[in-house]
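Listed below, chain by chain, are the residues.
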Amino acid sequence: MKAAFFERYGPPKVLRIVDVPKPTPLVNEVLVRVHASTANQTDCHMRRANLFLWRILLGVRRPRAKWRIPGSEFAGEVEAIGAAVTKFAAGDRVFGARSGANAEYLCVAQDRVIAHMPADTSFEDAAAVPDGFFQAQRALRSGKVGRDTRLLVYGASGSCGTAAVQLGKHLGARVTAVCNTENVDLVRSLGADEVVDYLRDDFTRDGQTYDVILDAVGKLSFLRTRRSLRKGGLWVPTDGLVNIVHALWSPWFGDGKLVSAGLPRNNQADLLQLKHLMEAGEYRAVIDGVYPLERVAEAHRRVESWQKHGSVVVAIVPASE
């Protein structure tokens with residue numbers, strides 16, 4: 001089978017398309033013919049491995065074999081099942097999260113992060129949603145976002161940001177979204193109560209305060225924005241090592257507190273919640289563009305531009321098939 005592949009760390013050009021053995025499902029696994037996957041910031045972090053932490057996880061000098069195929073989201077059709085599988089059958093349309101998803105085939109245990117696709121959803125839309133949804137869900141849970149919470153989402157047009165706006169509204173929050181001029185209408189269409197164009201206005205200077213500030217792109221400084229928090233407010237970053245230091249002292253200075261979004265603990269129950277929200281019309285995919293597998297390096301470059309909106313999809317099987 002064909003798969004995206006990198007055997008050394010570096011820029012997008014280290015990615016190439018290779019032939020690798022087609023996997024065989026274990027007794028509790030399903031074999032998925034992948035129709036669509038994505039390229040996201042996690043994929044880019046893993047490919048670059050600029051921080052030594054990534055090299056500890058993936059391999060110091062070069063990525064270990066299990067990490068050489070990028071991609072963490074997928075949508076496709078079940079081609080075969082193991083003898084003990086009861087939740088899925090051949091021909092089922094499924095989606096979920098699994099490493100190594102930029103490949104034509106993927107094996108996933110039936111109790112891991114896999115579910116039947118939402119009704120009337122394309123493979124591209126289904127592949128585009130899990131990662132952003134899980135990131136946003138962790139962050140909003142850490143921020144204890146609920147009804148009438150005044151929530152500000154910075155970077156509201158990315159995959160995590162568009163998810164946070166939609167989830168925030170589902171939870172009953174009053175959502176202020178911050179994005180650039182190009183994406184104001186998009187973010188408003190997702191349900192944001194207020195939209196701030198950061199190219200024209202600075203939300204830290206308008207006197208407004210919030211119960212929760214979510215930095216969905218890892219670009220904000222807690223020091224700069226803490227005065228925009230209400231008394232007892234929470235500031236939730238999704239990236240940035242400096243935030244570990246800030247988290248230690250933030251409870252002792254000022255009214256706001258920095259809290260971590262937590263480590264990924266994606267599960268099938270949360271994926272099923274996403275499926276139900278999409279079927280209820282309360283959540284939709286936002287796609288920046290669709291790139292064929294052969295152009296996966298270009299997809300990574302788009303992600304690293306920091307100008308994308310929503311998700312960058314990698315089409316493994318052309319939509320016409």
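To keep things clear, this report deals only with the structure shown in the data block.

What follows concerns empty space enclosed by the protein. Summed over all chains, the structure comprises two cavities of 30 Å³ or more. Estimates place the volume of the largest cavity at around 60 Å³. The wall of the largest cavity is formed by Ala128, Val129, Gly132, Phe133, Ser159, Thr162, Tyr283, Arg284, Ala285, Val286, Gly310 and Ser311. Secondary-structure elements contributing two or more residues to the lining of the largest cavity are helix H4 (130-142) and helix H5 (159-170). Among the residues making up the lining of the largest cavity, the classes are represented as six nonpolar, five polar and one charged. What the second largest cavity holds in volume is close to 50 Å³. Lining the second largest cavity are Thr38, Ala39, Asn40, Glu73, Ala128, Asp131, Gly132, Ser159, Lys308, Gly310, Ser311 and Val312.

Moving on to the pairing of strand S10 (residues 194-197). Where strand S9 (residues 174-179) and S10 come together, four bridges link them in parallel fashion. By the bridge assignment, Thr176 is partnered in S10 with Glu194. With helix H6 (residues 184-189) bridging S9 and its parallel neighbour S10, the resulting β-α-β unit is right-handed.

On the surface, Arg8, Lys13, Arg61 and Arg62 cluster together into a positively charged patch. Relative to the helices and strands, Arg8 resides in the loop between strand S1 (2-5) and strand S2 (16-19).

Moving on, we get to the layout of surface pockets. Considering only enclosed or pocket space, the second largest pocket measures out at about 230 Å³ in volume. If you trace the second largest pocket, you find it lined by Met1, Pro23, Ala65, Lys66, Ile69, Arg98, Ser99, Gly100, Ala103, Tyr105, Leu106 and Cys107. Each residue belonging to the lining of the second largest pocket can be placed in one class, and the counts come to eight nonpolar, two polar and two charged.

Here we take up the pattern of salt bridges. Enumeration according to the criterion identifies 18 salt bridges in this entry. The closest approach of N and O atoms between Arg141 and Asp270, which form a salt bridge, is 3.1 Å. With Arg141 in helix H4 and Asp270 in helix H9 (residues 268-279), the pair connects residues that are 129 residues apart, well separated along the chain. By relative accessible area, which is 9% here, Asp270 ends up buried. The salt bridge involving Arg200 is made with Asp197; its shortest N-O contact spans 3.5 Å. Judged by its relative accessible area of 7%, Asp197 is buried. The network of salt bridges with common partners includes Lys169, Arg174, Asp193 and Glu194.

Before going further, it helps to examine H9. Here H9 spans 17 Å end to end across 12 residues, near enough to the 16 Å set by a 1.5 Å rise per residue. The set of residues buried in H9 consists of Gln268, Asp270, Leu271, Leu274, Lys275, Leu277 and Met278. Looking at the buried positions of H9, the neighbouring elements they touch are strand S5 (93-97), strand S7 (114-116), H4 and H5. Gly281 lies just past H9 and shows a positive phi near 80 degrees.

What follows concerns the nonpolar core. Ranked by size, the top nonpolar core spans 50 residues in total, and within it Phe95, Leu151, Val153, Val165 and Tyr283 carry the most contacts. By size, the runner-up hydrophobic cluster in this structure holds 31 residues, among which are Val32, Val108, Leu293 and Ala299.

A separate point is unusual backbone geometry. The residue Asp148 is not glycine, and still its phi comes out positive at about 70 degrees. Turning to its location among the elements, Asp148 is positioned in the loop between H4 and strand S8 (150-154). The exposure class assigned to Asp148 is exposed, which follows from its relative accessible area of 63%. Positive phi outside glycine occurs at Trp306, with the angle close to 60 degrees. If you trace the backbone, Trp306 turns up in the loop between helix H10 (296-304) and strand S15 (311-315).

Before going further, it helps to examine the side chain of Asn102. Inspection of the secondary structure puts Asn102 in the loop between S5 and strand S6 (105-109). Judged by its relative accessible area of 0%, Asn102 is buried. Within polar-contact distance, the side chain of Asn102 engages the backbone oxygen of Thr38 at 3.2 Å. Non-local contacts of Asn102, meaning those with residues more than four positions away in its chain, are made with Ala3, Ala4, Ser37, Thr38, Ile69, Pro70, Gly71, Leu293, Val296, Val314 and Ile316.

Cut-offs used in this document
Residues numbered from 1 in each chain as written. Predicted model: local features only at pLDDT ≥ 70, side-chain atom pairs only at ≥ 80, totals over all residues. Heavy atoms only, no water. 1 Å grid on protein atoms, 1.4 Å probe; cavity = no way out; pocket = protein on both sides within 12 Å on 5 of 7 lines; lining within 4 Å. Points joined across faces, edges and corners; volume = space filled by probe spheres on them. Helix = DSSP H or I, 4+ residues; strand = E, 2+ residues; numbered from the N terminus. Nonpolar A, V, L, I, M, F, W, Y, C, P; charged D, E, K, R; others polar. Pairing = 2+ DSSP bridges. Right-handed = clockwise from strand over helix to strand, strands pointing away. Patch = residues over 30% accessible without salt bridge, like charges linked within 9 Å, V, L, I, M, F, W, Y side chains within 5 Å. Areas by Shrake-Rupley, 256 points an atom, 1.4 Å probe, with all protein chains shown as cover. Salt bridge = Lys/Arg side-chain N within 4 Å of Asp/Glu carboxyl O. Lys, Arg positive; Asp, Glu negative; His and termini not counted. Charge placed at Lys NZ, Arg CZ, Asp CG, Glu CD. Buried < 20%, exposed > 50% of the residue type's maximum accessible area, 1.4 Å probe, protein only. Expected span 1.5 Å × (residues − 1). Contact = heavy atoms within 4.5 Å. Core = buried A, V, L, I, M, F, W, Y, C linked by side-chain atoms within 4.5 Å. Polar contact = N/O pair within 3.5 Å; in protein donor to acceptor, adjacent residues only side chain to side chain.

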